[in-house]
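Examining the three-dimensional arrangement
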Amino acid sequence: MKRVYVQTMRARSAEQTGERILDAAMARFAAAYYDEVTLDQVAADADVTVQTVLRRFDSKEGVVRALAERIRPQVLAQRGEAPVGDLAGAVANLVEHYEREGDLVLHLLRQEQRVPAYAEVTAHGRRLHADWCARVFAPWLDGLGGVERRRRAAQVVAVCDVHTWSLLRRGAGLSRRQTELALAELLTGVLP
């Protein structure tokens, strides 16, 4: 029985160490460009050695992939709450996501061309976003076919893109509520 207890304690300690490393890495990657973040910094912030980080995640890219795997379920759960066929509800869900994650997403997008690990994350995010748009706006899009459906679906994806949110919220300085209204108005012009 003592052996099981010791193994359980070791597993719990290893899990906590992994979480500390990921917390430290997230703080670093969110605040600086990928090339500026070192595993030495992440290890020091997590109060572990670089060897512990490497043993756990293999590489800096491995840390990024682990962060993506950690965040993905949270994003899917939050975005999954968007009501289908409810324009205002869908926009509120979208803006809520961008208010929490939009600046980080933009930070990754600025670096995706030169950081393969970020490119993987952003490619998955684009697929998730397109699937979300297709699901949430299906009542408007399902009756369309061919090139019109593809065009309208592409317009919805563009209107709901993080860059559109950033232009409205950060660039134009609109409040959250005014950003939601602007997105809803843009979508009303796009949806049949």
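Presented here is a report on the structure given in the accompanying data block. (Residues numbered from 1 in each chain as written. Predicted model: local features only at pLDDT ≥ 70, side-chain atom pairs only at ≥ 80, totals over all residues. Heavy atoms only, no water.)

Details of the state of the cysteines
Rules: Any pair of cysteine sulfurs within 2.5 Å is marked as a disulfide. Note on exposure labels: buried denotes an accessible area under 20% of the residue type's maximum, exposed denotes more than 50%, and partly exposed covers the range between, all computed with a 1.4 Å probe on protein chains only.
All chains considered together, the criterion is met by zero disulfides. Not engaged in a disulfide, the cysteine Cys133 finds its nearest cysteine sulfur in Cys160; these two sulfurs lie 4.3 Å apart. For Cys160, a relative accessible area of 1% puts it in the buried group.

Describing the pattern of salt bridges
Quick reminder of the rule: Put simply, a salt bridge is a Lys or Arg side-chain nitrogen that is within 4 Å of an Asp or Glu carboxyl oxygen. Secondary structure is summarised from DSSP: a helix means a run of H or I of at least four residues, a strand means a run of E of at least two, and numbering begins at the N terminus for each.
Considering all chains together, one arrives at 15 salt bridges under this definition. Note that Arg152 is salt-bridged to Glu148, the shortest N-O span being 3.6 Å. Taken together, the positions of Arg152 and Glu148, both in helix 8 (residues 146–159) and four residues apart, correspond to about one turn of that helix. Arg152 gets classed as buried once you look at its relative accessible area, which sits at 18%. The network of salt bridges with common partners includes Glu96, Arg100, Arg176, Arg177 and Glu180.

Examining the environment of His163
For the record, the criterion: Contacts are residue-level and defined by heavy atoms, with any inter-residue pair within 4.5 Å sufficient.
Relative to the helices and strands, His163 resides in helix 9 (residues 162–171). A relative accessible area of 42% places His163 in the partly exposed class. With 57 residues separating them along the chain, His163 and Leu106 place their C-alpha atoms 7.6 Å apart. Those residues within four positions of His163 in sequence are excluded, and the remaining contacts are Leu106 and Leu109.

Limitation: the analysis is restricted to geometry and does not speak to function.
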